[in-house]
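Structural characterization, general
Residues per chain, in single letters:
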Amino acid sequence: MLYHQSIGNDNNKEKVASKEVDSSDTKENTTASHEKTDSSQSPTETSTDILFAADGSDISEKLMLALTEIFSRYDKDGDKALNPVELDNFAIFTNGTSFTDEEINEIKLNLDTDDSGNLTLAGFIELYALQTMAGDCDETWKDLKTHGYNEKLELVDQSK
Ligand SMILES: [Ca+2]
């Protein structure tokens, strides 16, 4: 109950961003403060930290658990690997489009796959670990939110 206030704060961000689109008069002013825009749209400074393990050497256990849960949604036959159809479903939901042949080759070449060449859970986690450890946290957050997670890595939208 003490934490009641913090519930529901997550929905405000996008509204703030869209408000500023038409304000051409403020262009000169916003140029100067442009670099602050990103941080003001992400009020939770911890939103990046939560992706990483305490010593920063790997992604956090919490992120791994979220990725495991997302993986299991697409592993429809439960064989612990994403076959081409399952991987395609993941790509379409996440990116709005299928992976290109090139991207699929990259995945098979660089990430853990099973004997049939299907992406394993370890490979799936590796995919996000590489992206996140390379500093592309925004992309990781975009995918997590697409799948219904909030900034605390809690699954808040079960409809996804
Ligand atoms: Ca499968």
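A quick note: this is a predicted structure, and the numbers were derived from the prediction, not measured. (Residues numbered from 1 in each chain as written. Predicted model: local features only at pLDDT ≥ 70, side-chain atom pairs only at ≥ 80, totals over all residues.)

1. Points about the nonpolar core
Counting residues in each nonpolar core, the largest one holds 17 residues, and the members touching the most others are Leu63, Ala66, Leu67, Leu82, Leu119 and Phe124. Residue assignment for this core shows that the elements contributing at least two residues are α5 (61–74), β1 (81–82), α6 (84–95) and α8 (121–133). It is α5 that contributes the most residues to this core, five residues altogether. Apart from residues lying up to four places away in sequence, Leu67 is in contact with Phe124, Ile125 and Tyr128. (Core = buried A, V, L, I, M, F, W, Y, C linked by C-beta atoms within 7 Å. Buried ≥ 20, exposed ≤ 12 C-beta atoms within 10 Å, placed from the backbone. Helix = DSSP H or I, 4+ residues; strand = E, 2+ residues; numbered from the N terminus. Contact = placed C-beta atoms within 7 Å.)

2. Regarding the packing of α5 against α8
Between α5 and α8, whose axes approach to 10 Å, the crossing angle comes to 125°. Overall, the two elements α5 and α8 adopt an arrangement that is oblique. Along this stretch, α5 crosses α8, giving a crossing that reads as right-handed. On α8, the residues that touch Met64, Leu67, Thr68 and Phe71 of α5 are Leu121, Phe124, Ile125 and Tyr128. Among the residues making up the contact of α5 with α8, the classes are represented as seven nonpolar, one polar and no charged. (Axes fitted to C-alpha atoms, helices over the stretch in contact; angles between N-to-C directions. Parallel < 35°, antiparallel > 145°, perpendicular 65-115°, else oblique. Left-handed = near helix turned anticlockwise from the far one by under 90°. Nonpolar A, V, L, I, M, F, W, Y, C, P; charged D, E, K, R; others polar.)

3. With respect to the confidence of the model for the chain
The pLDDT averaged across the chain works out to 81; a share of 71% of its residues lies at or above 70. The low-confidence segment residues 1–21, where pLDDT is below 50, has five contacts with residues more than four positions distant or belonging to other chains. A low-confidence stretch, residues 29–40 stays under pLDDT 50, and its non-local contacts, those more than four residues away or across chains, total zero contacts. (pLDDT = per-residue confidence, 0-100.)

4. Considerations on the environment of Ile92
Relative to the helices and strands, Ile92 is located in helix α6. For Ile92, a count of 12 C-beta atoms within 10 Å puts it in the exposed group. Sequence-distant contacts of Ile92, that is, excluding residues within four places in its chain, are made with Thr97 and Ser98.

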